[in-house]
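Now for the letters of each chain:
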Protein chains: 2
Amino acid sequence: MADTLHTTDAFASLLAPRSVAVIGASDDVTRIGGRPLRYMREGGFAGRIFPVNPKRETVQGLPAFADVAALPEVPDTAILALPAAATLAAVEACVAKGLRSAVVFSAGFAETGAEGVALQARIAAVAREGGLRLLGPNCLGVMNPGAGWYGTFSVVLDGELMQSGPVGIVSQSGAYGSHLAHLARARGMGISQWVTTGNEMDISLAEALEHVIARPETKVVMAYAEGIHDGDRFRAALETARELGKAVIFTKTGRTDVGAKAAASHTAALAGSDAVFDAVLRQYGVHRALTTPEQLDVAYAAARGHYPESERVGIFTMSGGFGIQLADDCAAAGLDVAPMPEDAQAELKAMLPYASPVNPVDATAQAVSDMSILTAYVKAMMERGGYDMFSAILGTGPASRSFASPLLAALKAGLDGHDDRIRGLTMSAPRDVVAEYEAEGFLVYEDGAALANAFGALARFRKGFARADAALAPAPRVDLPAGPVSEAAAKVILGRAGIRFPGERLARTGEEAAVAAAAVGFPAVLKICSPDILHKTEVGGVALDIRTAQAAREATEAMLARVAEACPDARIEGVLVAPMIGGGVETIVGVHDDPGFGPVVMFGLGGIFVEVLKDVTFRAAPFGVEEAHRMIREIRGFPLLEGARGAQPADVDALARLLSDLSRFAAAHADRIAGIDLNPVRVMPEGEGVVALDALLVMKEEDHG
Amino acid sequence: MADTLHTTDAFASLLAPRSVAVIGASDDVTRIGGRPLRYMREGGFAGRIFPVNPKRETVQGLPAFADVAALPEVPDTAILALPAAATLAAVEACVAKGLRSAVVFSAGFAETGAEGVALQARIAAVAREGGLRLLGPNCLGVMNPGAGWYGTFSVVLDGELMQSGPVGIVSQSGAYGSHLAHLARARGMGISQWVTTGNEMDISLAEALEHVIARPETKVVMAYAEGIHDGDRFRAALETARELGKAVIFTKTGRTDVGAKAAASHTAALAGSDAVFDAVLRQYGVHRALTTPEQLDVAYAAARGHYPESERVGIFTMSGGFGIQLADDCAAAGLDVAPMPEDAQAELKAMLPYASPVNPVDATAQAVSDMSILTAYVKAMMERGGYDMFSAILGTGPASRSFASPLLAALKAGLDGHDDRIRGLTMSAPRDVVAEYEAEGFLVYEDGAALANAFGALARFRKGFARADAALAPAPRVDLPAGPVSEAAAKVILGRAGIRFPGERLARTGEEAAVAAAAVGFPAVLKICSPDILHKTEVGGVALDIRTAQAAREATEAMLARVAEACPDARIEGVLVAPMIGGGVETIVGVHDDPGFGPVVMFGLGGIFVEVLKDVTFRAAPFGVEEAHRMIREIRGFPLLEGARGAQPADVDALARLLSDLSRFAAAHADRIAGIDLNPVRVMPEGEGVVALDALLVMKEEDHG
């Protein structure tokens, strides 16, 4: 494994090389080996370009070299525009020359079957040993428009190159990455870096994300993934973005079962559970866009790097209907459409009796005839409304040139001195008019719902950036047994992790059970205790509501006999005798091992909530108490924990501590634990804690590798 | 009230007049009185235009008339482009001349306060008495591009008029109606009629909808409302659309509390409950769009008047990532992304080993190099996949002219002979290329999610059109008492409507209660019975779990004494003695009187479902058993009725009958009944029916008008 410094250097050479070899360079500017050269020359790449083509003296006017060995220097990076079969030799040549990074365009590897998988693995091994970092194969490469660096053959550059700007794009799919670039360009958005990772034989989406986020010119990132296999690195990248205050807007496929199935058939990526991926994005304040237009709309707003202090939004309109619509859209986006103060309303009413100066502040068409009204109204909204976001609704008005400039002037006058507020507007107008408004700081949308959704995202980003959760100490390691664990043993282990269980006793005979039941108190519960029996009820291994010592004795003897017959090979530790605990709110908590993200904690309410409504939520472990609080509040049934229906509020603090403790325990033993179930966990009234009534701990198979 | 024929005639004169008076006509083509004349002349209006302006000989080159009386004939309709203060006189002149319809542009009426309300009411009365139908005031009027009829001053026509086509637009807001027209024009969609209803002093959105739907040239309608006050007419219009197989796509404001509040401050319309409006749209198979782009996207697809036989959709792609995304989007839209048959997959694999021919059918970039593969793959999808909808993913490819035509030819060849299938595609290309594809029957979208959502809507429209619910017989009227109704009386009345209650007895003394309890069976429930006590528990008027005759006697005597003290003025009929019934699934059913739609039936599961999750649904009464079945399936907790968690399936048929019976009863007595609560209603296991345990019937105040 390369060290961090080396990795960073290699990535710098990939994202902003000073010299490039194009291996398989072509004179034909429409071919894969011809396009990068052409784009770099059109884009004014200032570094040195070395075409490698054994058959030619020059390529596109540049002197060509017969092979990599013949190059006059070690280039920062190389583009491999070669057939799959020629790639291994080229990678070996790059290693021999001492290159640090290369981009492999060719398809024909892991995506084509077993032979391709083997070839890809071989190339990856050669590169790894030689300290060469590889992007691809089966990818569209990389670009950095500010440097004129186009290590790509994407046809999206055919008519027009990209502008340089604050938007990073990182995509596993080259086609989707090109689509995003196309849409960003059409929207007037400039790009910092663009990286497509394809088959990811070496560089993953997570690593690319990490480096694109870290570049100072990047203010916002649009990302696309089908699956993540290095969850820790991915989480670290997202945490860096959060700390730097850079917004990440994600689309991920496989959000439906159909999509997940299609993803599995398309790539080698382990898709994992979409619900887990979704939870991780929430955990790090990432915006998950469900559609591409949404991804663009949010990135467009975030590209300014300017976020609102609160959710308060003021809406200025000259059409009532449009105002109501935008109010609806803002409310649906989680924004606060707070009314103007009463006295300010009265003053605005005095100025224009027909107006509706609440919020939306509707100045009616009168504000078009007399734009001083518009300015006065907007000024009042700024000075009196306490809005951190402002949107005007202009409709098709600015499409008329004679109207566009005076309207902009009137708006600007009203907003003057309030550059700290987010300013947006909806209108339908030609691109040059839009650009004129954008130059004055306006975020311009054609559709109100899109604006509201983007404003809502800005407010959530701000909250995510501002989080200051307590640092997480690693949980201490405890000794874990090999092989299956009984309920009693699981409770001892998890008890050390801070999980609270009822006072229970293990009884080996009916007589012991009678004594134990009297000690724990009636009514009691009896449960067979064996590392080999996961589903106790199915073998008659549970007895409820035991009310006397005699009943405990008889039930235990019957249970031991029943289970011995049903599971003759099971190791029986005895019968767990526990007090029967009711009350509180029934919840379930679990941990499973996600292929991409490792241990993941699940939380939900018990009974119909989990079984009928699937009302559960997830977090990748470990996480702190603050995050656990956010997690708990995501379930629809949360009001039950707050004391809905006249019940006492439940001890949510204790529940949050349990979730965090469990997550830290699971993370510290991720190499050993396959899963944990605490079901049910009763959340008692405030101040009375939580108690887990049952525990299942499943160990991973021993690694015999 | 005008008779139907008259109404239809008046509407014909408004939507397609052969002659028009423009009262307040202006030479200035940018003024309200100048624009309609200019638009009509630019649009080639073939009828006669009579400018009315006492100060001029001619207006915009046409001979002008001093007043309405001086017109040489009775025009079909008139445009009133006058200040509010001059409107009454003009309406009187129109009545005197014998006009049947007029459009009132002016603002300054009901939206400005009490004086405006009075003036508007006066004008409406004059018109009604004179048989003159009025559109407006405070509206942008009407257009019919096919006839060159532009009874509007909307600036949206400034640069370019509308094309004629299949799309009707009906909007309460002029600004929003103009926005829709603008977007439709930009999308290449032609308009049949366009009507904005403004303050609705006479013609409502519902009536306009009814007539625009009925016009043969209309195939699809986009509608916008803030509130509906004539729910019956509205429902009739939607039912007509359903029967004619014409899609209606609605946006309605006020879907959030914030929006509803803003709507109430903006218009005189009674917004009613948004949940009820939403339910009515579902009831009639209308698509409610949450955003304007969604409204356009669905209308664009439906404008062909071509609907799929099933939900099966086949996706053809040359990029894996895009394919997965569209599969996700289609699944989220309720479509069936069914795989190709195994043998067909094998054949396609044989043709191209790297392909992934499941669905999405991914022919890889190979299909670009060799378009015969594309054709063969698409052909196989048509012949073997059984897809009623087809979408290809073309990306930015067709943006290149040299690629656009061969690609279209290859696709067409694959689809040849399958014009019965819906064909769509996603691509980013200039408008003229899009038009070329559209001319070959393709629905073209830039975004996959938009296409999927529109396809999903097409499939739902088709289902809605195909419904053949049994005709509803009106429920017989029963005698209803004046004033408050006790539980016992309510149960007698509702029992006649077919609702089943437990066998109960009314006892006036402790002794009678003891006898009654023995008769109904133990355990029994006692409930105070009085028309004057709505909340029995609060006054100690309920006793549960009565297990002996003695207990019944004592509890009854104590209850009568307690209630006599708590409510000395209440008329006490006695104590209802009922068997205590458990089991089944607890639900609640209610009826309330919606200001726009009259009696509305609510249904939900009891307990936390209604209290915490607000898991309820609505239907406007009356409705049949089939609709009740659809209603029941809308709640999230429906699996509980199907027998989730190992329970027996509940008697959903009986529940549907109860809902339909109650709706018919409520509709038949809408003039008398303010509300009904049946809570709880226990839905027993299949075949065992439903039983309502409690009933509350609230009568309307007597009308003293």
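Nothing here was measured: the structure is a model prediction, and the numbers come from that model. Each chain carries its own residue numbering, running from 1 in the direction its sequence is written. Each chain is given a letter, starting from A, and each ligand a number, starting from 1, according to the order in which they appear as written. Only residues with pLDDT of at least 70 are given local features in this predicted model, and only at 80 or more are side-chain atom pairs given and counted; all residues enter the totals for whole chains, interfaces and linings. Excluding hydrogens and water, the side-chain values take into account all heavy atoms of the structure.

Q: Could you clarify how one ought to interpret the overall build of chain A in this entry?
A: Strands here are runs of E lasting at least two residues and helices are runs of H or I lasting at least four, both read from the DSSP assignment and numbered beginning at the N terminus. In terms of regular secondary structure, chain A is built from 24 helices and 30 strands. Over its C-alpha atoms, taken along the principal directions, chain A stretches across nearly 95 × 80 × 40 Å. Only protein chains enter the calculation, and the probe is 1.4 Å; a residue is then buried if its accessible area is under 20% of its type maximum, exposed if over 50%, and partly exposed in between. Across the 705 residues that make up chain A, the buried fraction comes to 59%. By definition, residues are in contact when any of their heavy atoms lie within 4.5 Å. Long-range pairs, those at least 24 residues apart, make up 72% of the contacts in chain A with a sequence separation of at least 6. Averaging the coordinates of the 63 positive side-chain charges in chain A and doing the same for the 85 negative ones gives two points 2 Å apart. By the counting scheme adopted, Arg and Lys are positive, Glu and Asp are negative, and His together with the chain ends is not counted. For charged residues, the charge sits on one atom: NZ in Lys, CZ in Arg, CG in Asp, CD in Glu.

Q: How do you make sense of the domain arrangement of chain A when you look at a structure like this?
A: The extent of an interface is frequently quoted as the accessible surface area lost upon association of the parts. Residues and elements named next belong to chain A. Here chain A is partitioned into domain 1 (1-138), domain 2 (162-300), domain 3 (313-466), domain 4 (503-579) and domain 5 (585-699). Domain delimitation in this document rests on an assignment produced automatically or drawn from a domain database. Here domain 2 and domain 5 have C-alpha centroids that lie 29 Å from each other. Taken together, the contact between domain 2 and domain 5 spans 16 residues of the former and 15 residues of the latter. Among the residues of domain 2 in contact with domain 5, Arg 235, Val 276 and Gln 283 are the three that bury the most area, contributing 43% of the side total. One speaks of a salt bridge when a side-chain nitrogen belonging to Lys or Arg is within 4 Å of a carboxyl oxygen belonging to Asp or Glu. The interface formed by domain 2 and domain 5 contains one salt bridge. Residue Glu 634 pairs with Arg 282 through a salt bridge whose shortest N-O separation is 2.8 Å. Distance and chemistry together define a polar contact, namely a pair of N or O atoms within 3.5 Å, with one atom able to donate a hydrogen and the other to accept it when in protein, and with adjacent residues in sequence counting only for side-chain atoms on both sides. At the junction of domain 2 with domain 5, the criterion picks out seven residue pairs in polar contact (both at pLDDT 80 or more). Elements that contribute at least two residues to the side of domain 2 that touches domain 5 include exactly helix 7 (231-244) and helix 9 (274-283). Using a 1.4 Å probe, buried area is obtained as the accessible area two parts lose upon being combined, added over both of them.

Q: Whenever I open this one, the UniProt feature "domain: CoA-binding" (unreviewed entry) in chain A confuses me. Can you help?
A: UniProt positions are given in the numbering used here, feature names are shortened, and annotations may be inferred rather than shown by experiment. In the numbering used here, UniProt assigns the "domain: CoA-binding" (unreviewed entry) feature to residues 14-109 of chain A. Here residues 14-109 of chain A runs as 25% helix and 23% strand, with 22 Å between its end C-alpha atoms.

Q: Where do I start with the state of the cysteines in this structure?
A: Note: disulfide means a covalent bond formed between the sulfur atoms of two cysteine side chains. Disulfide assignment relies on a single distance test, namely cysteine sulfur atoms paired within 2.5 Å. This model, assessed by the stated rule, comprises zero disulfides over all chains. Just so you know, Cys 94 of chain A is unpaired, no disulfide at all, and the nearest cysteine sulfur is the one on Cys 139 of chain A, 14 Å from it. By relative accessible area, which is 1% here, Cys 94 of chain A ends up buried. Looking at Cys 529 of chain B, it has no disulfide partner, and the nearest cysteine sulfur is the one in Cys 567 of chain B, 13 Å off.

Q: Explain the relation of the copies chain A and chain B here, please?
A: Two chain copies, one operation linking them: a rotation about an axis together with a shift along it. Here the copies were fitted onto each other by least squares, based on C-alpha atoms from residues at pLDDT of at least 70 in both. The two copies are related by a screw operation: chain A maps onto chain B through 180° of rotation and 0.0 Å of translation along the axis, at an RMSD of 0.1 Å. The transformation just described matches what one would write down for a two-fold rotation axis. Here 100% of the interface residues in chain A have copies in chain B that are interface residues too; the copies meet face to matching face.

Q: Sorry, what's going on with the packing of helix 12 (residues 342-351) of chain B against helix 14 (residues 371-384) of chain B here?
A: Working note: a packed helix pair is described by the angle between its axes plus the distance between those axes. Residue and element names in this part refer to chain B. Each axis is a line fitted through C-alpha atoms, taken for helices only over the stretch in contact, and angles between the N-to-C directions span 0 to 180 degrees. Packing of helix 12 against helix 14 leaves a shortest axis separation of 11 Å and a crossing angle of 175°. Taken together, the axes of helix 12 and helix 14 are roughly antiparallel relative to one another. Mapping the contact onto sequence places Asp 343, Ala 344, Glu 347, Leu 348, Lys 349 and Met 351 in helix 12 and Ala 376, Tyr 377, Ala 380 and Arg 384 in helix 14. Each residue belonging to the contact of helix 12 with helix 14 can be placed in one class, and the counts come to six nonpolar, no polar and four charged. When an angle is under 35 degrees it counts as roughly parallel; over 145 it counts as roughly antiparallel; between 65 and 115 it counts as roughly perpendicular; any other value is oblique. Polar here means any residue other than Ala, Val, Leu, Ile, Met, Phe, Trp, Tyr, Cys and Pro, which are nonpolar, and Asp, Glu, Lys and Arg, which are charged; Gly is therefore polar.

Q: Is there a simple way to explain the nonpolar core in this structure?
A: In this text, buried Ala, Val, Leu, Ile, Met, Phe, Trp, Tyr and Cys residues form a nonpolar core when linked through side-chain atoms within 4.5 Å. Phe 234, Phe 316 and Tyr 437 of chain A together with Phe 234 and Phe 316 of chain B are the most contacted members of the largest nonpolar core, which has 294 residues in total. Those residues within four positions of Tyr 437 of chain A in sequence are excluded, and the remaining contacts are Leu 394, Pro 398, Ala 404, Leu 407, Leu 408, Leu 411, Leu 425, Met 427, Phe 442 and Val 444 of chain A. Core analysis: the next-biggest nonpolar cluster, separate from the first, contains 98 residues, Ala 666 of chain A together with Leu 494, Val 601 and Ile 608 of chain B among them.

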